[in-house]
Amino acid sequence: MRANLDRADWRDAGSVGAGVAITAVAAVAAGLLGWLAGRRGVHSVPGGPDAAGGVMEIPEGERFVWLSRTANPWLHLTAALTGLVAAAGVLAAACGLIGLQWTLIAPFAIASVLVLFCSSVQARVTDSSLEVAFGPLGWPRRRWPAGEIDSARMEVRTPAQVGGWGYRLSGLGTTVMLRAGECLVIRPRKGVEFAVSVDDAERGAALLNTLSAKESGRK
């Protein structure tokens, strides 16, 4: 736009080389800052990603349940802002200020719902399974029976390692990344590894390993 400003003909437009260079440098700087922010305060775990998780002793006749929840306020804010843009478009159309612009409203509405579902997560281990619920309503959910989990462990991961925030697919498998730090990682007997960034992941992994061993012994 600056290159074409006050030019009567496109052939008289100025060079955009400097603008492109500045934009590229700004993008690289922003990416570097994001990478540094994701790594800040995170330390490696002895044994690496292939280290086996521990187990938990469960007294005879007792049942243990593990529960942990994580939320990302920045994703909440993003969902709220995109939702407000969609609502403002609907309101403006209802007041006759503009026509009903679905090409504007629909993308913001869909983005708001998707981000909201990925803004918080709750992981629960019972005597029969691991269940991971998404969003403020606890839906959708993913569930793995204890007998179908080969192993579980705690592993430290960062957004830079898994490709960003939210529900991510990478070479590490599937990761629900809401904050850098410890994650509960499971290795199902079928499929790829699944990780979720929740606190107290080591205890959840130990309980899952114990329950998985019990289920395997019954078969």
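Quick summary incoming for the structure in this document.

**Considering the overall build of the protein**
Next up, step 1: Broken down by element type, the protein carries five helices and nine strands.
Next up, step 2: Each helix and strand of the protein, placed in order from N terminus to C terminus, yields the pattern α-β-α-α-β-β-β-β-α-β-β-β-β-α.
Next up, step 3: The proportion of buried residues among the 219 residues of the protein is 34%.
Next up, step 4: Expressed as a percentage of contacts within the protein between residues at least 6 apart in sequence, the contacts between residues at least 24 apart total 56%.
Next up, step 5: A total of about 13400 Å² of accessible surface is found on the protein, and carbon and sulfur atoms cover 62% of it.

**A word on helix α2 (residues 73–94)**
Each turn of an α-helix holds 3.6 residues, which means side chains three or four residues apart point in the same direction.
Next up, step 1: Between its first and last C-alpha atoms α2 spans 31 Å; for 22 residues at 1.5 Å apiece the expected length is 32 Å, and the two agree.
Next up, step 2: What α2 keeps buried is the set Leu75, Ala79, Thr82, Ala86, Gly89, Ala92 and Ala93. Buried residues in α2, looked at end-on, bunch into an arc of 165°, giving them a common side. Along α2, exposed side chains directed more than 90 degrees from the buried face belong to Pro73, Trp74, Leu84, Leu91 and Ala94.
Next up, step 3: Of the surrounding secondary structure, the elements contacted by the buried residues of α2 are α3 (102–117).
Next up, step 4: N-cap assignment for α2: the residue whose side-chain oxygen lies 2.9 Å from the backbone N of Trp74 is Asn72.
Next up, step 5: Just downstream of α2, Gly96 is the residue with a positive phi angle, here 80°.

**Considerations on the side chain of Ser112**
Next up, step 1: Relative to the helices and strands, Ser112 is located in helix α3.
Next up, step 2: When sequence neighbours within four positions are dropped, the list of residues in contact with Ser112 reads Ala79, Thr82 and Gly83.

**Some details on the nonpolar core**
Next up, step 1: Judged by nonpolar contacts, the single largest core of 27 residues is most densely connected at Val121, Leu130, Val132, Leu184, Ile186, Val196 and Leu208.
Next up, step 2: Mapped onto this core, the elements with two or more residues apiece are β2 (120–125), β3 (129–134), β5 (149–157), β8 (181–188), β9 (194–196) and α5 (201–218).
Next up, step 3: In terms of residues, this core owes the most to one element, α5, which gives six residues.
Next up, step 4: Counting five residues, the second largest nonpolar core, distinct from the first, contains Val162, Cys183, Val185 and Ala195.

**As for the packing of aromatic side chains**
Next up, step 1: Going through the model one piece at a time under the given rule, you end up with three aromatic pairs.
Next up, step 2: Taken together, a centroid distance of 4.6 Å and an interplanar angle of 45° make the contact between Trp144 and Phe194 tilted. Of this pair, Trp144 sits in strand β4 (residues 141–145) while Phe194 sits in strand β9, and the two are 50 residues apart along the sequence.
Next up, step 3: Under the relative-accessibility criterion, Phe194 is labelled buried at 3%.

Conventions and cut-offs
- Residues numbered from 1 in each chain as written.
- Predicted model: local features only at pLDDT ≥ 70, side-chain atom pairs only at ≥ 80, totals over all residues.
- Heavy atoms only, no water.
- Helix = DSSP H or I, 4+ residues; strand = E, 2+ residues; numbered from the N terminus.
- Buried < 20%, exposed > 50% of the residue type's maximum accessible area, 1.4 Å probe, protein only.
- Contact = heavy atoms within 4.5 Å.
- Areas by Shrake-Rupley, 256 points an atom, 1.4 Å probe, with all protein chains shown as cover.
- Expected span 1.5 Å × (residues − 1).
- Arc of directions from axis to C-beta.
- Polar contact = N/O pair within 3.5 Å; in protein donor to acceptor, adjacent residues only side chain to side chain.
- Core = buried A, V, L, I, M, F, W, Y, C linked by side-chain atoms within 4.5 Å.
- Phe/Tyr/Trp six-rings, centres within 6.5 Å; stacked < 30°, edge-to-face > 60°.

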